[in-house]
Amino acid sequence: MHLDHDHLGAAHEHHHDHCGHNCGGCESACHTPIEELVALMKYMVGHNAAHANELASLAKQLDEIGEHTAFEQVMQAVSDFEKGNLRLSTVLAALHQQ
């Protein structure tokens, strides 16, 4: 999987390869569908955590320049990211028990 998007105006790429080996160019999946979904969810949890950290850094900068209301709102967004990640992590834990 290849994701392209901007962070604070600076474009960068994310590469995520679910298949850890060369499949010889086969068109069939390297892993089962559940393995693919779990790998993607793990990636998203890490990706969301990175975004939460970036937002917290932005919030700190807002606070430092006296934008306290904006700081509080951005920190609420950080909390929302963290809550979402907790839910995803719970799903991942349940899938690993199956």
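Everything numeric here is computed off the predicted structure, so don't read it as measured data.

Asks: How do you make sense of the overall build of the chain when you look at a structure like this?
Replies: The number of helices and strands found in the chain is 2 helices and 2 strands. Helices (α) and strands (β) of the chain occur, in sequence order from the N terminus, as β-β-α-α. Every one of the 98 residues in the chain was classed for burial, and the buried ones make up 19%. In the chain, the share of contacts with a sequence separation of at least 24, taken over all contacts with a separation of at least 6, comes to 46%. Working note: accessible area of the chain is about 6900 Å², and carbon and sulfur atoms make up 57% of it.

Asks: What is the right way to read the packing of helix 1 (residues 33–64) against helix 2 (residues 68–97) from this model?
Replies: At a minimum axis distance of 9 Å, the contact between helix 1 and helix 2 shows a crossing angle of 165 degrees. By the angle between their directions, the pair helix 1 and helix 2 is classed as roughly antiparallel. Note that helix 1 runs across helix 2; the crossing there is left-handed. Grouping the constituent residues of the contact of helix 1 with helix 2 by class yields 22 nonpolar, 6 polar and 3 charged.

Asks: In this structure, what is going on with the side chain of Asn 85? I would like to understand it.
Replies: For Asn 85, the location among the structural elements is in helix 2. Ignoring sequence-local partners within four residues, the contact set of Asn 85 consists of Met 44, Val 45, Asn 48 and Ala 49.

Asks: Is there a simple way to explain helix 2 in this structure?
Replies: Along an α-helix, residues three or four positions apart point the same way, because every turn accommodates 3.6 residues. The end-to-end C-alpha distance of helix 2, which contains 30 residues, comes to 44 Å, matching closely the 44 Å that a straight helix rising 1.5 Å per residue would cover. For helix 2, the set of buried residues is Val 74, Val 78, Asn 85 and Leu 92. In this structure, the buried residues of helix 2 make contact with helix 1.

Cut-offs applied
- Residues numbered from 1 in each chain as written.
- Predicted model: local features only at pLDDT ≥ 70, side-chain atom pairs only at ≥ 80, totals over all residues.
- Heavy atoms only, no water.
- Helix = DSSP H or I, 4+ residues; strand = E, 2+ residues; numbered from the N terminus.
- Buried < 20%, exposed > 50% of the residue type's maximum accessible area, 1.4 Å probe, protein only.
- Contact = heavy atoms within 4.5 Å.
- Areas by Shrake-Rupley, 256 points an atom, 1.4 Å probe, with all protein chains shown as cover.
- Axes fitted to C-alpha atoms, helices over the stretch in contact; angles between N-to-C directions.
- Parallel < 35°, antiparallel > 145°, perpendicular 65-115°, else oblique.
- Left-handed = near helix turned anticlockwise from the far one by under 90°.
- Nonpolar A, V, L, I, M, F, W, Y, C, P; charged D, E, K, R; others polar.
- Expected span 1.5 Å × (residues − 1).

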